[in-house]
Amino acid sequence: MAAMTSRALTVGFDLDMTLIDSRPGIHACYRALSARSGTYIDADLAITRLGPPLVDELVNWFPAERVDAMADLYREMYPTIAIAATPALPGAREAIRAVRAAGGRAIVVTAKYEPNAKLHLEHLGMEPDAVIGDLWAEQKAEALLEHGADVYVGDHVGDVRGARTAEAHSVAVATGPCPAEELRAAGADVVLADLTEFPGWLTAHAHS
């Protein structure tokens, strides 16, 4: 793992189920998509496996030739349905502030459609230094390397893989679909219960 230095600290954060509890908004959006398309979608099931790109979920409900159009419709409806319904997770704002207090930069690297990711952050008053969307798992390493990220924080084993591909320190939070033991098995360097533990971890890590 690349060593983190206070001189050039950049911390990346995943969005869904790391910084925000996107389940209520996504659930509502899947129900709306089901109504608009006339196709059954089990929204309760879908929100238990958040993390991968939208199209990875839609292939479970639509034939291949309809997936792209349904993804476009979902993203079009999303701002009016999902943004206001989505809260920040405990410790999210404080985690970003802790990076800034350490003299660092906080970036968000997410599989979510980038314009909608930015809407979430704006609505919740979180202002990272950069937001990069439409990247999943190992693809996240592209943005992490471009921004020189020393640490990547996420809730999914795909986030762990992205961090390891970028040779960044992998900090996992057990607030998403992957339990702590699965995150550890995937190679996370540390697993936190949630982001309320992150400022303390960052302080200790910076002085280790």
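This is a predicted model, so every value here is computed, not measured.

Within the sequence span of helix α6 (residues 114-123), burial applies to Asn116, Ala117, His120 and Leu121. The buried residues of α6 occupy one face: seen down the axis, they fall within an arc of 140°. Those residues of α6 hidden inside the fold are in contact with α4 (64-82), β2 (105-109) and β3 (130-132). Gly125 lies just past α6 and shows a positive phi near 70°.

Before going further, it helps to examine the layout of surface pockets. Each pocket or cavity is described by its volume, and for the largest pocket that value is around 440 Å³. Looking at the largest pocket, it is lined by 30 residues, and the ones nearest its centre are Gly51, Pro52, Pro53, Leu54 and Ala111. Where the lining of the largest pocket is concerned, the elements lending two or more residues are α1 (23-37), α3 (54-58) and α4. By residue number, the principal contributor to the lining of the largest pocket is α3, which donates four residues. For the lining of the largest pocket, the per-class residue count stands at 14 nonpolar, five polar and eleven charged.

Phe13, Leu19, Val153, Leu195 and Phe198 are the most contacted members of the largest nonpolar core, which has 28 residues in total. Breaking this core down by element, the ones donating at least two residues are β1 (10-13), α5 (92-101), β2, α6, β4 (151-154), β5 (169-173), β6 (190-192) and α10 (198-206). In terms of residue count, α5 provides more of this core than any other element does, five residues in total. Beyond its immediate stretch of four places on either side in the chain, Leu195 contacts Phe13, Thr18, Leu19, Pro90, Gly91, Ala92, Ala95, Val153 and Val173. Judged by nonpolar contacts, the second largest core, of 24 residues, contains Cys29, Ala46, Met70 and Tyr78.

Further remarks concern the pairing of β2. Of all five residues in β2, four are buried, a share of seventy percent or more. One ladder, built from four bridges, connects β1 with β2; its direction is parallel. By the bridge assignment, Val11 is partnered in β2 with Ala106. Relative to β3, β2 runs parallel, the two sharing three bridges. Bridge pairing in β3 places Val108 opposite Val131. Read from β2 through α6 to β3, the crossover connection turns out right-handed.

Definitions and cut-offs
Residues numbered from 1 in each chain as written. Predicted model: local features only at pLDDT ≥ 70, side-chain atom pairs only at ≥ 80, totals over all residues. Heavy atoms only, no water. Buried < 20%, exposed > 50% of the residue type's maximum accessible area, 1.4 Å probe, protein only. Helix = DSSP H or I, 4+ residues; strand = E, 2+ residues; numbered from the N terminus. Arc of directions from axis to C-beta. Contact = heavy atoms within 4.5 Å. 1 Å grid on protein atoms, 1.4 Å probe; cavity = no way out; pocket = protein on both sides within 12 Å on 5 of 7 lines; lining within 4 Å. Points joined across faces, edges and corners; volume = space filled by probe spheres on them. Nonpolar A, V, L, I, M, F, W, Y, C, P; charged D, E, K, R; others polar. Core = buried A, V, L, I, M, F, W, Y, C linked by side-chain atoms within 4.5 Å. Pairing = 2+ DSSP bridges. Right-handed = clockwise from strand over helix to strand, strands pointing away.

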